[in-house]
Amino acid sequence: MNIQFKKLKKNQIIIIAVIAVLLIILVPSAIYCGVHGESPKAMISDMFTSNEEQLIGNWQGDKDLTAYSFKEDGTFESYISSFSYTASYVADSSKLTLTNPASGGNVVYKYSIHGDTLTLKLIEEGGKEVEEKEVYEYKRVDTIRSQSFVDFLKDYAAAHEDGETTENNE
C-alpha cells in the first residue's frame, strides 16, 4: 500500500490549520450553548468574568416569592415575600456563605452562574452539613418584584382549584 500525498503549499497548510482550530473551538462551544440554553455572547462573558463579579445584582426566585440583591461591598438584601433583611456574604469561585448578623447564623451554598441563571445548592446550615442538598434557581432581573405570601397562596390555590375541577369531571 503506497499512498502518496501531494505536497501541500505553505498557504494551504495555514488554511487547514486555521479551519481545524476554529472547528476545535466552535463545535464544543455550540454544544455547550445548546445544552445550557445560553447565548454565545453570555458564554464568552462568563469565561472572562469571575463568579464573584457575576453575582453582583438582583436575582429573582420562582413565583416572585424570594429574591436576593448582592452588592459589591459584601452585603446583600434577602427578600422573602414582602419581608426583607440586610446581611453579609462571602463568595469564592464556587461557595457562597450568607451570614445574618442579627441571628449570627450562616448558610453555605455551592453556587454557579450560567447566563442569567444563579443556581444555589445548600451544603451547610448553622455550621452543619445538610443531608438533603436543596437546589434553588434565580433569574437575573433589573428590578426585584416581591409578591406577598397571601397573594402567592391565592395564586397557588387558584392553580390547584383548576386542576381539581378537571380531575373531578373525569
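Note: the structure precedes this text.
Being a predicted model, the structure only gives us computed values, none of them experimental. (Residues numbered from 1 in each chain as written. Predicted model: local features only at pLDDT ≥ 70, side-chain atom pairs only at ≥ 80, totals over all residues. Heavy atoms only, no water.)

(A) Structural view of the pairing of strand β7 (residues 117-125). Sheet analysis places strand β6 (residues 106-114) next to β7, joined by eight bridges and oriented antiparallel. For Y111, the partnering residue across the bridge sits in β7 and is L120. Remark: two residues form the turn of the hairpin made by β6 and β7, two consecutive strands paired antiparallel; G115 in that turn has positive phi of roughly 65 degrees. Across five bridges, the pairing between β7 and strand β9 (residues 135-141) is antiparallel. Of the residues in β9, the one forming a bridge with T117 is K139. With two bridges connecting them, β7 and strand β8 (residues 128-129) associate as antiparallel partners. Pairing of E124 across the sheet is with E129, part of β8. (Pairing = 2+ DSSP bridges. Helix = DSSP H or I, 4+ residues; strand = E, 2+ residues; numbered from the N terminus.)

(B) Expanded view of the side chain of N58. Tracing the chain through its elements places N58 in strand β1 (residues 57-61). Take N58: its relative accessible area is 18%, and that puts it in the buried class. In this structure the side chain of N58 is engaged in a polar contact, spanning 2.8 Å, whose partner is the backbone oxygen of D142. In this structure N58 touches Y68, S69, K139, R140, V141, D142, T143 and I144, once residues within four positions along its chain are discounted. (Buried < 20%, exposed > 50% of the residue type's maximum accessible area, 1.4 Å probe, protein only. Polar contact = N/O pair within 3.5 Å; in protein donor to acceptor, adjacent residues only side chain to side chain. Contact = heavy atoms within 4.5 Å.)

(C) Inspection of the pattern of salt bridges at higher detail. One pass over the full model with this rule turns up three salt bridges. Among the salt bridges present, the one from D116 reaches R140, with a minimum N-O distance of 3.8 Å. Remark: R140 occurs in strand β9 and D116 occurs in the loop between β6 and β7; sequence separation between them is 24 residues. With a relative accessible area of 48%, D116 lands in the partly exposed category. For K133, the salt bridge is made with E129, and the minimal N-O distance between the two is 3.3 Å. With a relative accessible area of 63%, E129 lands in the exposed category. (Salt bridge = Lys/Arg side-chain N within 4 Å of Asp/Glu carboxyl O.)

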